[in-house]
Amino acid sequence: MAPSTHPPTPERLPFLKVWQFLSASSWPWRVTIGYLFMMLVLPVTAMFLKASQLPLNDFWKIATSPIALSTYDVTFTTALISALFNGLFGTLIAWTLVRYDFPLKRIIEASVDLPFALPTSVAGLTLATVYSDNGWVGSFVAPFGIKIAFTRLGVAIAMLFISLPFVVRTVQPVLQEMESDIEEAAWCLGASPWQTFWHVVLPPLFPAISTGVALGFSRAVGEYGSTVIVASNTPFKDLIAPVLIFQRLEQYDYVGATVIGVVLLMISLVILLTINVLQAWGRRYS
Amino acid sequence: MKKTTAPLKKSWVPTIFIGITLLYLSLIVYIPAFNVFAQAFRKGAGPFFENMTHPVFLDAVRLTVLLALIAVPINIVFGLCAAWAIARHKFPGRAFLLSVLDLPFSISPVVAGLMLVLLYGRNGWFGSALEAVNIKVIFAFPGMLLASMFVSMPFVAREVIPILEETGADQEEAAKTLGASEWQTFWHITLPNIRFGLLYGVILTNARVMGEFGAVSVVSGNITRRTQTLSLYVEDTYREYLTEAAYSAAVLLACLAVVTLVVKEIVERRTHQDG
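Residues numbered from 1 in each chain as written. Chains lettered and ligands numbered in written order. Predicted model: local features only at pLDDT ≥ 70, side-chain atom pairs only at ≥ 80, totals over all residues. Heavy atoms only, no water.

Novice: Any chance you could explain the overall build of chain B here in plain terms?
Specialist: When its secondary structure is counted, chain B shows 13 helices and 0 strands. Helices and strands appear in chain B in the N-to-C order α-α-α-α-α-α-α-α-α-α-α-α-α. Counting only C-alpha atoms, chain B reaches 70 × 60 × 30 Å along its principal axes. Evaluated residue by residue, chain B yields a buried proportion of 52% over its 275 residues. (Helix = DSSP H or I, 4+ residues; strand = E, 2+ residues; numbered from the N terminus. Buried < 20%, exposed > 50% of the residue type's maximum accessible area, 1.4 Å probe, protein only.)

Novice: Help me understand the overall build of chain A, please; the structure alone is not making it clear to me.
Specialist: Regarding its fold elements, chain A presents 14 helices and 0 strands. Along the chain direction, N to C, the helices and strands of chain A fall in the order α-α-α-α-α-α-α-α-α-α-α-α-α-α. Projected onto its principal axes, the C-alpha positions of chain A cover 75 × 50 × 35 Å. Counting only residues that meet the buried cut, chain A has 55% of its 286 residues in that class. Taking the intrachain contacts of chain A between residues at least 6 apart in sequence as the baseline, contacts between residues at least 24 apart amount to 73%. Counting every atom, chain A has about 13900 Å² of accessible surface; 70% of that belongs to carbon and sulfur. Counting 16 positive and 16 negative side-chain charges, chain A places the centres of these two groups 9 Å from one another. (Contact = heavy atoms within 4.5 Å. Areas by Shrake-Rupley, 256 points an atom, 1.4 Å probe, with all protein chains shown as cover. Lys, Arg positive; Asp, Glu negative; His and termini not counted. Charge placed at Lys NZ, Arg CZ, Asp CG, Glu CD.)

Novice: In this structure, what is going on with the confidence of the model for chain A? I would like to understand it.
Specialist: Any region with low pLDDT has predicted coordinates that should not be read closely. Looking at chain A, pLDDT values average 89 and 92% of them are 70 or higher. Note that residues 1-5 of chain A has pLDDT below 50 and, in this model, 0 contacts with residues that lie over four places away or in other chains. (pLDDT = per-residue confidence, 0-100.)

Novice: Can you help me understand the side chain of S268(A) in this one?
Specialist: Within the fold, S268(A) resides in helix α14 (residues 254-283). Judged by its relative accessible area of 7%, S268(A) falls in the buried class. Apart from residues no more than four positions distant in its own chain, S268(A) is found in contact with S106(B) and I107(B).

Novice: Help me understand the pattern of salt bridges in this model?
Specialist: Close approach of charged atoms lets side chains of opposite charge pair. For the coordinates displayed, the defined rule picks out 20 salt bridges over all chains. Measuring nitrogen to oxygen at the nearest pair gives 3.1 Å for the salt bridge that ties R99(A) to E183(A). With R99(A) in helix α4 (residues 66-99) and E183(A) in helix α10 (residues 180-188), the pair connects residues that are 84 residues apart, well separated along the chain. Owing to a relative accessible area of 12%, R99(A) belongs among the buried residues under this scheme. On the basis of relative accessible area, E183(A) is assigned to the buried category, the value being 3%. Several salt bridges converge on common partners, so that one network encompasses D113(A), R169(A), K264(B) and E268(B). (Salt bridge = Lys/Arg side-chain N within 4 Å of Asp/Glu carboxyl O.)

Novice: Which parts of the structure should I look at to understand unusual backbone geometry?
Specialist: Excluding glycine, most residues fall at negative phi; most peptide bonds, likewise, are trans. Unusually for a residue other than glycine, L104(A) sits at a positive phi of about 65 degrees. Here L104(A) shows up in the loop between α4 and α5 (105-111).

Novice: What should I look at first to understand the interface of chain B and chain A in this one?
Specialist: Interface extent is often summarised as the accessible area lost during association of the parts. Every contact between the two is made by 83 residues of chain B and, on the other side, 85 residues of chain A. Seen at the junction of chain B and chain A, the total is 2 salt bridges. As a salt-bridge pair, E265(B) and R106(A) come within 3.2 Å of each other at their nearest N and O atoms. Our enumeration of links across chain B and chain A arrives at 17 residue pairs in polar contact (both at pLDDT 80 or more). Among the elements that line the side of chain B that touches chain A, the one with the most residues is helix α1 (residues 13-40) of chain B, at 21 residues. When the residues that make up the side of chain B that touches chain A are grouped by side-chain class, the tally is 61 nonpolar, 15 polar and 7 charged. (Polar contact = N/O pair within 3.5 Å; in protein donor to acceptor, adjacent residues only side chain to side chain. Nonpolar A, V, L, I, M, F, W, Y, C, P; charged D, E, K, R; others polar.)

Novice: Mind showing me how you'd approach helix α8 (residues 155-167) of chain B here?
Specialist: Given 3.6 residues per helical turn, the α-helix brings residues three or four places apart onto the same face. Here α8(B) is 13 residues long and its end C-alpha atoms lie 19 Å apart, about the 18 Å a rise of 1.5 Å per residue gives. Where α8(B) is buried, its residues touch α6 (114-117) of chain A together with α3 (55-87), α4 (94-106), α7 (141-151), α9 (170-177) and α10 (182-211) of chain B. (Expected span 1.5 Å × (residues − 1).)

Novice: When you look at the environment of I209(A) in this model, what are you seeing that I'm missing?
Specialist: All names here are of chain A. Inspection of the secondary structure puts I209 in helix α11 (residues 193-222). Distance in space between the C-alpha atoms of I209 and T120 is 24 Å, their sequence separation being 89 residues. In this structure, I209 is in contact with G87, T91, V171 and L202, ignoring residues within four places of it in sequence.

Novice: What's the story with the confidence of the model for chain B in this structure? I'm lost.
Specialist: Model confidence for chain B is summarised by a mean pLDDT of 90, while 96% of its residues fall at 70 or above. Counted against residues more than four places away or in other chains, residues 1-6 of chain B, with its pLDDT under 50, gives 8 contacts.

Encoded structure:
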């Protein structure tokens, strides 16, 4: 290329810098940047460009169509409730694992990661069986007219399953580092157990719990494998956004799939940003 | 260390907490996990092994192993490069790069698959170019490979970065001063330091590749005997009411998960001993 007589424009400068940097750097850098470019930057750009070919009006119309809105409701509301539920029980489990001794503790502690390691299709399969009307757990609640599998409740159970390790594993290390001295001090100074918990234990834990809930929420929002099997995937009932994308693709409606995909991706990015902010907040305590 | 927490007298509180923990974990994790094995062996071991030798099942196993054999080494190389680049350098945008590295965990697997379709599908960016050279990516093995690589990309780097940061660069610099080549430094100094973290990262990568469902499902087309992994086989047989076949494959995948957790335990114990 002929050397340009103009100074590089500000928006070209970053690219130039990246190029200069890459040509001067060692090969691990080139592998890292090259792989990230091919695997992440290129696909994300392709999706955004595909969406940007659509007039904003049409994009908005598809993104807020009644069926899309109902899938957002099922996906995000259910994921939020599940994540918050796990915020409560995950913290309780972390507390129990850190503070108390009981038989088989090591195995129980290790098993918390099982939802993380178990392939999602297996999770969906077994949850659909266990929570169906004649399953081990489902048959207990069926006489009360409660159906779990193949309803929105089933989606919630699948989301509870997959987001549980995130809360426990974020809260546990913070609890481990917390000295029980402070609690004893609070108690000696006359605080009730409830006051001790509320004013002494909870504040330093709160950033970790929020981070765990956000991580769990993020995972639950994107989940596909377990939820698609445990739900009936009926529109306006228990159809989640990832399944809608899948159905659009099956109908060769690439535009429709892309629009919902962009909405989901943007929300994932916002959650990722939130998690980073929460983690920075948590570091202030340590 | 005292076992009781002072404000909560040695009373019924621990019992209730342990009780709730066990009940919650049973409902969400243990009963479903146990159910996998109970269903698979409901009619004894005979039908189970019969399902295991079914040609469709064997094809799914073969494809799953082949995916892992290719995707895992590629992600090991990338993970080590990225970990070294991020942990051994201070540069503007380092935190940003770390977040970018985490993206595959945040992006829904279905969206990941969709992006691959938009890139490599028939109407995608590279669609016509690929068609010209007669390479099929979507609804074929290369697409499934890309999807598996995508979803399991961050594991190795994420496990290795903290260890590299903790050990520092002193030993490596010393080795270099003494005349070791970069490769020798990596092989004799860095690798032994990070071996446990790397092992766990590899195990996680492998588990994710072998178990991935969403992303692979989008790009595979789920063609029986050709683009069907074990995870897809589970869903497919379940939808066709071949519940026993589904559970036979599920047992295999559940064992993989158990192995993953056991390796994690071992790695954690070893790192505690070292540290």
